[in-house]
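# Structural characterization, general
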Amino acid sequence: MTAPHSRTLDRETVLCISLAARPSNIGTRFHNFLYNELGLNYVYKAFAPADIGAAVAGIRGLPIRGAAVSMPYKEAVIDLVDVMEPSAAAIDSVNTIVNDDGVLRAYNTDYQAVADLLEMSSFDRSAPAAVAGSGGMAKAVVAAMRDTGFVDVTVIARNRATGTALAEKYGFRHATSVDGLRPTTLVNATPIGMAGGPDADGMPFSEQVVEGASNCLDVVAMPAATPLVRIMRARGAETISGDAVIAGQAAVQFALYTGVRPTPEHVRAASEYSRA
């Protein structure tokens, strides 16, 4: 796919940003592609903030229209915004900030993206599932699983406090390891498998557990084919990869920032361009 046509930026150009410890080009290319395609005078830029408090203050002060929030800041920004919208308040996790004339509103579009993908999947809702992680993304995933009908979920987290709190909030169980469990559905809601990270070649579950599973969801988007996804796909298992999650949540973000809802065709084209 060719790059979108260039645009002339001016003083009326609206700025949107992303805040992440290890930002990728995916969101930047996704949003800028759609701005060009739809003729919107917006521009999108990714940042790795040295001070998250100062970064959020900058959103208000510049003013920046919106910001995507990625690991590890999804909980850190809660005390820095003015309004927690229901999607963020329900799971105490923020992935989107919208600046409405100096009022910072927080949302979580990860939840909606995961819920939509699970609804479209053929994952067995009654079969046992294991979710690795207890951070901001895990909160969105576990809430979406509960709300899409999963009934037998174990949150796997070494941190007993956060793992237990997350599991009990949604009527599930917590365990510090997957030992002794035989989950049918595996969910990775950690950075394990992320390119450039310390566990880029790793998996959150043992090979024995992976061999016994029937499907998986991995929220890591870079690369889309993480070690977990590659192994599951090689066996012909149904998988939901992080590129689908990030495209779905970015489409909702785009609508919040611009008031324009992109068509499925636009989202598909933007997603393809973002990973080209």
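Just above sits the structure.
Here's what I pulled together on the structure shown here. (Residues numbered from 1 in each chain as written. Predicted model: local features only at pLDDT ≥ 70, side-chain atom pairs only at ≥ 80, totals over all residues. Heavy atoms only, no water.)

## A word on the sheet that holds strand β2 (residues 42-47)
So the rule is basically this: Paired strands, in this sense, are two strands between which DSSP finds at least two bridges. Strands here are runs of E lasting at least two residues and helices are runs of H or I lasting at least four, both read from the DSSP assignment and numbered beginning at the N terminus. Any pair of residues with heavy atoms lying within 4.5 Å of one another is described as a contacting pair. To define axes, lines are fitted to C-alpha atoms, for helices over the stretch in contact only, and angles between the resulting N-to-C directions are given on a 0 to 180 degree scale.
Taken together, 6 strands build an open sheet; the order of strands is β2-β1-β3-β5-β6-β4 and the sheet is mixed. Both outer strands of the open sheet, β2 and β4 (83-84), are each paired with one neighbouring strand and no more. As paired strands, strand β1 (residues 14-19) and β2 are joined by 6 bridges and run parallel to one another. Bridging from a neighbouring strand, L15 pairs with V43 of β2. Strands in contact with helix α9 (residues 242-258) are β1, β2, β3 (66-69), β5 (96-100) and β6 (103-107); relative to β5, the strand with the most contacts, it is inclined by about 10°.

## Regarding the sheet that holds strand β7 (residues 129-132)
Within the open sheet, the 6 strands sit side by side as β9-β8-β7-β10-β11-β12. Their pairing is parallel. The sheet terminates laterally at β9 (173-175) and β12 (238-240), the two strands that pair on one side only. Neighbouring strand axes in the sheet, compared pairwise and without regard to direction, differ in orientation by 20° on average. For strand β11 (residues 215-218) and β12, the ladder comprises 3 bridges, and the chain directions are parallel. Across the sheet, the residue bridging to C216 is T239, located in β12. The sheet strands contacting helix α5 (residues 136-147) are β7, β8 (153-156) and β10 (185-188), and the helix crosses β7 at an angle near 160°.

Purely geometric numbers; function is a separate question.
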